[in-house]
Amino acid sequence: MLLLHLTGSICISLLPGFTSAVKGPGTVHGFVGRSLPVMCHYDKSYQTYYKYWCKGYDWLSCTVVVKTRGLEAEVKAGRTSVKDNHTCSCFTVTLEDLREEDAGVYWCGIETSGSDPNTQVTIVPESSSDLTDPKAVEATVGSSVSVECSYDQRYQQNIKYWCRRISERNCPPGISTTGSERPVIKNGVSIQDNHSLNHFTVTMDDLTTSHSGMYSCAVSQPGGLDLMTPVNVTVLVTDVPDSRDRGGFFQNYQIYVTFLVLICMKMPIFLTMVLAITWMHRRNRQHSDEVTTPETQS
Ligand SMILES: *[C@@H]1O[C@H](CO)[C@@H](O)[C@H](O)[C@H]1NC(C)=O
Ligand SMILES: *[C@@H]1O[C@H](CO)[C@@H](O)[C@H](O)[C@H]1NC(C)=O
Ligand SMILES: *[C@@H]1O[C@H](CO)[C@@H](O)[C@H](O)[C@H]1NC(C)=O
């Protein structure tokens, strides 16, 4: 029987595109303290069969945690619940308040009179502190800003990325690593992982105010939720040196204009005065000449 089961599994795993009566997500990552839904799909012919969630590394000796009665009604046992849905031919197992000790191998199974169809599901609880970084950074327009994102060492080889947040879980990758330490540069943004320090650095160059906003440091997890942690980037407008420059220019301009006005307006007045004095002086001399001349003549 066991031999049959083993050879069966080997043959199944060797058959590409083999459609099992039950399909699951394989490995599921979830955050500690949150609820983790796991969905298993089954063949339509099993709609009214009992569906169950079994815990244990070995399928043959796993312990049933919770089981339906072939109906769509939810069945609960402790923090685990199972709910069948005949419309989608799927059942959802939900682990509430996920804990570290929930880590391990489980099975989605369907109770039959023969050998039960099943699929293995591995649960990987993750603490939110697996990815830590500064929550907020500030920089000035035209400068650059670097953000260091630290991660747990088990994610060394994972792809890391930097994204601009649309919503809490919607953050399309802007720039990503390849999982290696090779730096990647794109549109003035660079990202580089450092496996020995368990962190990656994101640098945004030539900042403008439009770069202000919520971003995320993220670690990609194939087959699970990407780890993400928000970073608030604020680009400050430094009008201090700017306005001082402009003030200086305006001040100099004012002095220049005043000087021009002085030259242009006062110069004619000055020239007129000089001319007037010269003319008067000359007239006086002429007059005295006229007066004295006859005297000397007579
Ligand atoms: C069953 O699944 C269908 C399709 O996914 C969904 O529209 C429906 O609301 C689900 N029913 C229940 C009872 O959850
Ligand atoms: C990682 O950081 C260490 C220490 O700062 C440094 O010596 C090393 O060159 C860095 N690695 C890469 C790939 O930048
Ligand atoms: C980001 O930081 C700025 C400046 O400190 C603040 O005004 C803004 O509200 C923050 N945004 C979020 C979403 O926390």
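This text goes with the structure placed above it.
Counting from 1, residues in each chain are numbered in the order their sequence is written. Starting at A for chains and at 1 for ligands, labels are handed out in the order in which the entities are written. With the structure being a predicted model, the display of local features is reserved for residues of pLDDT at least 70 and the display and counting of side-chain atom pairs for 80 or more, all residues being used for whole-chain, interface and lining totals.

Caption draft 1: The arrangement of the nonpolar core in detail. Among the nonpolar cores identified, the biggest contains 22 residues, and Val38, Cys40, Trp53, Cys54, Cys108 and Val121 are the most heavily contacted of them. Contacts are defined on C-beta atoms placed from the backbone: any two residues whose C-beta positions lie within 7 Å are in contact. Excluding residues that lie within four positions of it along the chain, Cys54 makes contacts with Cys62, Thr63, Val64, Val65, Tyr106, Trp107 and Gly109. For our purposes the nonpolar core covers buried Ala, Val, Leu, Ile, Met, Phe, Trp, Tyr and Cys residues that link as a set through C-beta atoms within 7 Å. Buried means a residue has 20 or more other C-beta atoms within 10 Å of its own C-beta, exposed means 12 or fewer, and partly exposed covers the counts in between; C-beta atoms are placed from the backbone. With 19 residues, the next largest nonpolar core counts Trp162, Met204, Leu207 and Tyr215 among its residues.

Caption draft 2: Structural view of the site of ligand 1. In the neighbourhood of ligand 1, the contacting residues comprise Glu72, Asn85, Thr87 and Cys88. By residue class, the composition of the shell around ligand 1 is one nonpolar, two polar and one charged. Each residue receives a C-beta atom built from its backbone; the residue is near a molecule or strand if that atom lies within 6 Å of it. When residues are grouped by polarity, Ala, Val, Leu, Ile, Met, Phe, Trp, Tyr, Cys and Pro land in nonpolar, Asp, Glu, Lys and Arg in charged, and all others, Gly among them, in polar.

Caption draft 3: A look at the sheet that holds strand β19 (residues 213-219). A pair of strands is labelled paired if DSSP reports no fewer than 2 bridges between them. By definition, any uninterrupted DSSP run of H or I lasting at least four residues is a helix, any uninterrupted run of E lasting at least two residues is a strand, and each is numbered from the N terminus. One open sheet accounts for five strands, arranged β12-β20-β19-β14-β15; its pairing is mixed. Bordering the open sheet on either side are β12 (136-140) and β15 (173-176), each of which pairs with just one other strand. Within the sheet, the average angular offset between the axes of one strand and its neighbour, ignoring direction, is 30 degrees. For strand β14 (residues 160-164) and β15, the ladder comprises three bridges, and the chain directions are antiparallel. Bridge pairing links Trp162 to Ile175 in β15. Interaxial angle, 0 to 180 degrees, is taken between N-to-C directions of lines fitted to C-alpha atoms, where a helix line uses only the stretch in contact.

Caption draft 4: Spotlight on the sheet that holds strand β6 (residues 75-77). Spatially, the five strands line up as an open sheet ordered β1-β3-β8-β7-β6, and their pairing is antiparallel. Strands with a single pairing partner mark the edges of an open sheet, and in this sheet they are β1 (22-23) and β6. In this structure, β6 lies alongside strand β7 (residues 80-85), joined through three bridges in antiparallel fashion. Bridge pairing in β7 links Lys76 to Ser81.

Caption draft 5: Examining the site of ligand 2 more closely. Looking at ligand 2, the residues that line it are Glu181, Asn194, Ser196 and Leu197. Partitioning the shell around ligand 2 into residue classes produces one nonpolar, two polar and one charged.

Caption draft 6: Examining unusual backbone geometry more closely. The backbone of Ser89 shows a phi angle near 50 degrees, a positive value even though the residue is not glycine. Mapped onto the secondary structure, Ser89 falls in the loop between β7 and β8 (90-95). Even without being a glycine, Asn198 presents a positive backbone phi close to 55 degrees. The topology assignment puts Asn198 in the loop between β17 (189-194) and β18 (199-204).

Caption draft 7: Structural detail: the pairing of strand β4 (residues 51-55). Of all five residues making up β4, four are buried, and the element is well covered by its neighbours. In this sheet, strand β9 (residues 104-110) lies alongside β4 in antiparallel orientation, the contact comprising five bridges. Opposite Trp53, over in β9, you have Cys108 as the bridge partner. Judged from the four bridges that link them, β4 and strand β5 (residues 63-67) form a sheet pairing that is antiparallel. What sits directly across from Lys55, in β5, is Thr63.

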